[in-house]
Each structure stands twice: as C-alpha cells, then as structure tokens.
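Observations on chain architecture
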Amino acid sequence: MKANKLIICAALGLLLGGSGFAQDRSREPIPSMPKLLSQREQMDVREQWLKKRLGSLLLPMMKRHGIEMWIVVNEEFKSDPVTEHIVPPIPIVGRRDLFIFIDRGERLERIAMTRYDEERLNNHYKLLMPPRDKFAEELKKLVDERAPKTIALNIGGTRGQQSGLSYDSYKYLASALGPDNEKKFVPAAKFLTEFFDTRLPEELEHYEKAVLATDVITRRAFSNEVIKPGKTTVGDVRWWMMQQVNDLGLGIWFQPDLRVQRQRTETGTTGQFLSTAKEADIIQPGDLIHVDFGLIYMGLSTDWQKHAYVLKPGERDAPAGLKSALANTNKLQDALFRFARAGMTGAEVYDLTMMEMKRQNVEAMIYSHPIGAHGHGLGASIDFRRGIGGDEDKLRLGSYTSIELNTSATVPEWGGQKVTIMAEDDAVMTESGFKFIRPRQTEFYLIK
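Residues numbered from 1 in each chain as written. Predicted model: local features only at pLDDT ≥ 70, side-chain atom pairs only at ≥ 80, totals over all residues. Heavy atoms only, no water.

1. Let's talk about the pairing of strand β11 (residues 288-293)
- A large share of β11 lies buried, amounting to six of its six residues.
- Going residue by residue along β11, you find Leu288, His290 and Asp292 tucked away on one face and Ile289, Val291 and Phe293 tucked away on the opposite face as well.
- Bridge analysis of β11 against strand β14 (residues 304-310) gives six bridges, and the strand direction is antiparallel. Bridged to Ile289 within β14 is Ala308. (Buried < 20%, exposed > 50% of the residue type's maximum accessible area, 1.4 Å probe, protein only. Helix = DSSP H or I, 4+ residues; strand = E, 2+ residues; numbered from the N terminus. Pairing = 2+ DSSP bridges.)

Below, the structure is given as structure tokens:
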C-alpha cells in the first residue's frame, strides 16, 4: 500500500507541479548589494523578534512537549548554542548564567539568574542577582516554590544545538536542586527542534537580504572582477569572498569551498562527494568551477552553491554536454518542489523525488537540510542518509530549507567524462510548497 501511495502522489505531483521558477541567467547583470541594517538597527529589530518568540511562541511549545520548566545554563567560554537565541544579540559572559522559563498556566515566567545587571536583559527577563555563595540556594528556592513536574534541560539530542548543557553544569544543577528535583529532569531535544525550526514571518524580508548578499558575493567572485584564468588561485577566490563578508560586518559559519572539474582530469572524492580544490590550484580556461558558500546576517544563516565555466579561447558558451548536465540538476529541483509540502516528512519527499529521477533515468543525490537559526539546522532533512534530521520530523510552514542536491552525467565533449553538477539554494516552505528565496541557477556563469 505504501508503494502504491507513493506512486499515486508522484503522478499527482507531476500533474500539478510546474516549472515556473525564476531563472538566474549568466548574462544578467550582477544585482546590487542590498542595504543592510546597522548594528544598532539590527539590535532593535532582533529584540522585537525575541519579544515575540519568548512572549507568544515559547509557552505553547513548552505545553506541546510537556515541559513545565526549562533551564538553560550558559558558561563563560562554553556558551550553550541556545543562549544566543533567547537573549538580545549581546555577549553573555558570566561565569555561569541561568535562564529559567516556567509555565504558570496562562503566562510564561522568565527569570535570568546572573552576576551582573544588563539593561537589555531586563527587557525580556526578571533579573535575579544573588551573591555567589547564595546562588545555588536561591536557585533551589525558586524551583521548589514553583514545584514543576518536569524540568527540561538541553540534553539528550543527537545534534549539538540540542545538547549544550555541559557535564559540570549538569552536576551543578543536580547538586543545587537535590535528588527529588533531579528526578524531574527531562531532555529538551525534541522541543528544541520545534523552537529552532520555527521562523517568524517578519524574519523573511531580512533573510531575503541575507540570501541576496550571498548571491551578490558569489556572482562577483565567479566573474572577471576576481578571476583571471591562468593566474587566479582557488585561495585567491576563497579569501576574497571572506574579506567581502568581513567588510560588510557579517559572519560566516564555514569557509567557502571551491571544487574544480577539468577535462581529462579526475576529481577526487571525499566520502561520497567531490573533494574540494587546494588553495594553490590555479583556475584555467576550460575549468568547471563550483563554490559552496554561506554567511550569517541578523542571526540567520545562508547556504549557497553555484557553478561557473571558464571559457577557452574562441568559446562563447559552455559545451552543450555541460549545459545538459545542469539541466538535469534543474529537473531534480523541479521534482523535489512538485512533491514537497508542509506536513510531509523529509523521507516521504526524498522517496517521491528519487522515484521520479529513476523514471527520468537521471543519476541524482539529495542531501537538503533545514537552515535559518543554524546553517545545518534542526528539523526535517530531505537526505539520502535518512535519519540525519530525524525521520519523524515534518516540514513546517514558514520554515527554511537549504535545497542541496546534485546530479551526475557524462559529457560528450569531454570524451564521455562524468561531471557532477551541485546546487544549493535556500527556500521557504509556503502553503503551495517550497519557494526559492532567490532565483536558482539555470545557466553557468561565464568567465572569459
């Protein structure tokens, strides 16, 4: 029955789906860099997001997961990955700071136990600042007075964002709160998946700017502004991109990786993926080059993969075989977009899409992942490795996904050599399915 259901869904997807995605053509002018907010403007906007997230969204999430109290412990030099998402965008540097959330029925009580007074924390928490030698005593008194049935801690997950509580801080809580309260400790892992994978509608306009900035830097990097064939190295391109991010006051969550596929040259592999090029490698005419790049703006991460072809003398376009290979990757994107809908698991979308690629005789690989609060976020992954995001996780309306995938094909002009065309584009889940934040690539960027 399951197989029949997949076949029926696949057929419906092909009938209902369309390929009316925006096009990113190689000869279009590179767009202008968007106007980004100043640091102070970012603070004001992000505090409004935080007020809504803590004031409206958090309590219903806690109730859905049976959590009556949630304690986040942040240590100096070992920040919990959760902390920056429950406080204003300022450093939290106390020896050991606690953020406590208590379900009080119709309202959420929020308490920050710190050793210092921070003005902007006061906008979101009641601050308690007990003396160092009274800290544990005051914590136990607070918990005992509220008498929660469950106390969620950031433990028990398979990902770093879910398991930020250190061993020493666990021991501290267990000692401070006593054995009766320790029995109430429960993992916050599944709750954190919902917390991190839930996006605010008002975040989208700023995420669009983050993705546009990613696009602009990539387009400039893959042009003659940066690349002089026969002279420019992979490292030159990588460090130029990182310098652009730095100049804009943005962050990165991984360094840009470049790959080079070259006629009559075998590109190595690392695991199941093409190996990255060495920084000393010189980009030559006839190369098919690829970049994997992302940045962080307003606490939101992007992830982006694009290709450029370096023209040989006398060439005006990429070989037809390479263009056909890119078209196969577009077909894979088309199929995934036809099937994916909010409420589906990543495994369901993966099975339907790969079934369609098999029907079209396209060699494909999918490894798409949630994105937003983190580059590799929590939530539903559409991935050949299946359980990376948790098979039970479902695509959420309004959430962001990095549509990461590839296809491989032989290129006649390269003597039947196989090439792999990798693509990665950030998308938002809407009522009618995924929508790309920026136009996908349908033509190679051309470098003379």
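There is more to say after this.
2. A few points about the side chain of Arg46
- Positionally, Arg46 belongs in helix α2 (residues 39-64).
- Glu84 is the oppositely charged side chain nearest to the buried, salt-bridge-free Arg46, at an N-O distance of 5.2 Å.
- Sequence-distant contacts of Arg46, that is, excluding residues within four places in its chain, are made with Pro89, Met298 and Gly299. (Lys, Arg positive; Asp, Glu negative; His and termini not counted. Salt bridge = Lys/Arg side-chain N within 4 Å of Asp/Glu carboxyl O. Contact = heavy atoms within 4.5 Å.)

3. Focus on α2
- Its 26 residues place the ends of α2 35 Å apart at the C-alpha level, agreeing with the 38 Å of an ideal helix rising 1.5 Å per residue.
- At Leu57, α2 shows its largest bend, some 45°, and a proline, Pro60, comes one to four positions later.
- Three or more residues of α2 are buried, namely Gln42, Met43, Arg46, Glu47, Trp49, Leu50, Arg53, Leu54, Leu58, Leu59, Met61 and Met62. (Expected span 1.5 Å × (residues − 1). Bend = angle between axes of the 7 residues up to and from the residue.)

4. Things to note about the nonpolar core
- Counting residues in each nonpolar core, the largest one holds 38 residues, and the members touching the most others are Tyr207, Phe222, Ile227, Val237, Met241, Ile289 and Leu295.
- Taken together, the elements giving at least two residues each to this core come down to α6 (204-221), α7 (234-247), β8 (257-261), β11, β14 and β21 (445-447).
- The leading source of residues in this core is α6, at six residues.
- Beyond its immediate chain neighbours, meaning those up to four positions away, Leu295 contacts Ala210, Ala213, Thr214, Ile217, Val245, Leu250, Gly251, Ile252, Trp253, Leu300, Ser301 and Thr302.
- In this structure, Val72, Ile86, Ala152 and Phe195 belong to the second largest nonpolar core, which totals 30 residues. (Core = buried A, V, L, I, M, F, W, Y, C linked by side-chain atoms within 4.5 Å.)

5. Describing the layout of surface pockets
- The space that makes up the largest pocket amounts to roughly 420 Å³.
- Every residue lining the largest pocket is counted, 25 residues in all, and those nearest its centre are Tyr367, His369, His376, Arg385 and Glu404.
- Looking at the lining of the largest pocket, the elements that each hand over two or more residues are β8, β10 (273-274), β15 (363-371) and β18 (417-430).
- Top contributing element to the lining of the largest pocket by residue count: β15, with three residues.
- In the lining of the largest pocket, the residues fall into eight nonpolar, eight polar and nine charged. (1 Å grid on protein atoms, 1.4 Å probe; cavity = no way out; pocket = protein on both sides within 12 Å on 5 of 7 lines; lining within 4 Å. Points joined across faces, edges and corners; volume = space filled by probe spheres on them. Nonpolar A, V, L, I, M, F, W, Y, C, P; charged D, E, K, R; others polar.)

6. Observations concerning the packing of α2 against helix α5 (residues 189-197)
- Closest axis-to-axis distance for the α2/α5 pair is 10 Å, and the angle between their directions is 145°. α5 is crossed by α2, and the crossing has right-handed handedness. Here α2 contributes Arg53, Leu58, Met61, Met62 and Arg64 to the contact with α5, which in turn contributes Phe191, Glu194 and Phe195.
- Residues of the contact of α2 with α5, tallied by class, amount to five nonpolar, no polar and three charged. (Axes fitted to C-alpha atoms, helices over the stretch in contact; angles between N-to-C directions. Left-handed = near helix turned anticlockwise from the far one by under 90°.)

7. What to know about the side chain of Thr198
- When you line up the elements, Thr198 lands in the loop between α5 and α6.
- From its side chain, Thr198 meets the backbone oxygen of Glu194 in a polar contact 2.6 Å long.
- Not counting the four nearest positions on each side in its chain, Thr198 is found in contact with Arg53, Leu57, Met61 and Arg396. (Polar contact = N/O pair within 3.5 Å; in protein donor to acceptor, adjacent residues only side chain to side chain.)

8. Quick look at empty space enclosed by the protein
- Applying the stated criterion across every chain yields a total of four cavities of 30 Å³ or more.
- Around the largest cavity, the lining is made up of 16 residues, and of these Arg46, Trp49, Arg53, His85 and Glu203 lie nearest the centre.
- Where the lining of the largest cavity is concerned, the elements lending two or more residues are α2 and α5.
- Here the lining of the largest cavity takes four residues from α2, the largest share from any one element.
- Of the residues contributing to the lining of the largest cavity, the split by class is nine nonpolar, two polar and five charged.

9. Remarks on the pattern of salt bridges
- Following the criterion strictly, the structure yields 26 salt bridges and no others.
- Salt-bridge contacts for Asp425 lead to Lys306; the nearest nitrogen and oxygen are separated by 2.8 Å. Note that Asp425 is positioned in strand β18 and Lys306 in strand β14, a separation of 119 residues in sequence. Residues Asp425 and Lys306 agree in their burial class; the two are buried.
- Each of the salt bridges in this network shares a partner with another, and the network as a whole consists of Arg104, Glu109, Glu145 and Arg146.

10. So, the environment of Tyr309
- Here Tyr309 is to be found in strand β14.
- Here Tyr309 falls in the buried class, since its relative accessible area comes to 0%.
- Counting along the chain gives 117 residues from Tyr309 to Leu192, while the straight-line C-alpha distance between them is 42 Å.
- Within the local environment of Tyr309, its side chain forms a polar contact with the side chain of Glu315, the two groups lying 2.8 Å apart.

11. Describing unusual backbone geometry
- With a phi angle near 70°, Phe77 is a residue other than glycine that sits in the positive phi range.
- Looking at the element boundaries, Phe77 is found in the loop between β2 (69-75) and β3 (96-103).
- Of the residues examined, Phe77 reaches a relative accessible area of 80% and is grouped as exposed.
- A positive phi is found at Asn361, a non-glycine position, where the angle reads about 60°.
- Turning to its location among the elements, Asn361 is positioned in the loop between α9 (346-359) and β15.
- Classification of Asn361 as exposed rests on a relative accessible area of 71%.

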